[in-house]
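# Structural characterization, general
In case you want the letters, here they are:
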Amino acid sequence: MAKKRPLILVTNDDGINAPGIRTLIEVMNTIGDVCVVAPDSPQSGMGHAITINDTLYCNRIKTENNVSHKEYSCSGTPVDCVKFAVNEILKRKPDLCVSGINHGSNSSINVIYSGTMSAAVEAGTLGIPSIGFSLLDYSLEADFTPSKKFIKTITQQVLKNGLPKGVVLNVNIPKLELPQIKGIKVCRQANAHWEEKFDKRTNPLGRDYYWLTGEFVNEDKGEDTDEWALHNGFVSVVPVQFDLTAHHAMKELNTWDL
């Protein structure tokens, strides 16, 4: 009897027409049965936002005749897409959720702002093994070809071995040609931050407006971090937990006069 193919939910935050998700769909089709539910427009930087004060729309997208997977565009956020897919579209819980391939880094502190990773985290809270994939290239003409090998390897390992309860994977891929990528490293999240500024301007009507700008500052010199791995030619894999409890601080807090 032929082994049943895994059901894979594919989503992202750059929108259903982004080149990155097209590459991810291509790779996932070689591994399992694919259902795509992704935002109908870019949703970068949305974090774990959900739609609660507006209506949601979801439309089936026509695919090529030789394509067996189904695609849906959703008017909501990446997290909305996961919720809608699991509760309204899919007949059973998927065996895996993959999000991406994001155009740009989601390493270090960027993980908390990322719609890509929030979609993966949402699936994780539902008990679905999940991975967020990002390529360190913001260009719409980015070459995702070198990513395919590593995405397939990591995906197959997750399907084979599963993930620890409460954990999803944050995978970042350097902007390098395939022969230049040295391999895959399991890392911790680097201790880094953004030093932000607001670029103040004035429109023709005299009203001030602002553009958020900033500089990424990495003060972490450890060689076990995602930033180190990426700057040294490795794909970084960071296990991310969605239990935000600072367990190490509980003992100290219990000494307070509360």
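Quantities reported herein were computed from a predicted structural model and do not represent experimental measurements.

### A closer look at the nonpolar core
Core analysis: the biggest nonpolar cluster contains 30 residues, and Val 10, Met 28, Val 98, Ile 131, Phe 133 and Val 171 have the highest contact counts within it. Among the secondary structure elements, those contributing two or more residues to this core are strand S1 (7–11), helix H1 (19–29), strand S2 (33–39), strand S5 (96–103), strand S6 (130–135), helix H4 (147–161), strand S7 (167–173) and strand S11 (234–241). Here this core takes five residues from H1, the largest share from any one element. Beyond its immediate stretch of four places on either side in the chain, Val 10 contacts Ile 21, Leu 24, Ile 25, Met 28, Val 34, Cys 35, Val 36, Val 37 and Val 98. Among the nonpolar cores identified, the runner-up in size contains 15 residues, and Val 37, Cys 74, Cys 81 and Leu 90 belong to it.

### Details of the sheet that holds S2
Two modes of strand pairing occur in sheets, parallel and antiparallel, and in both the strands are linked by backbone hydrogen bonds. The nine strands lie next to each other as S3-S4-S2-S1-S5-S6-S7-S11-S8, forming an open sheet whose pairing is mixed. Unpaired on one side and paired on the other, strand S3 (58–61) and strand S8 (183–186) mark the two borders of the sheet. Across this sheet, the average inter-strand angle for adjacent strands is 20 degrees, counted without regard to direction. Taken together, the four bridges between S1 and S5 define a ladder with parallel strand orientation. Note on S5: the bridge partner recorded for Leu 9 is Cys 97. Strand contacts of helix H2 (residues 78–89): S1, S2, S3, strand S4 (70–74) and S5, with the helix running at about 135 degrees to S2, the strand carrying the most contacts. Along the sheet face, H4 touches S5, S6, S7, S8 and S11 and points at about 170 degrees away from the line of S6.

Parameters at a glance
- Residues numbered from 1 in each chain as written.
- Predicted model: local features only at pLDDT ≥ 70, side-chain atom pairs only at ≥ 80, totals over all residues.
- Heavy atoms only, no water.
- Core = buried A, V, L, I, M, F, W, Y, C linked by side-chain atoms within 4.5 Å.
- Buried < 20%, exposed > 50% of the residue type's maximum accessible area, 1.4 Å probe, protein only.
- Helix = DSSP H or I, 4+ residues; strand = E, 2+ residues; numbered from the N terminus.
- Contact = heavy atoms within 4.5 Å.
- Pairing = 2+ DSSP bridges.
- Axes fitted to C-alpha atoms, helices over the stretch in contact; angles between N-to-C directions.

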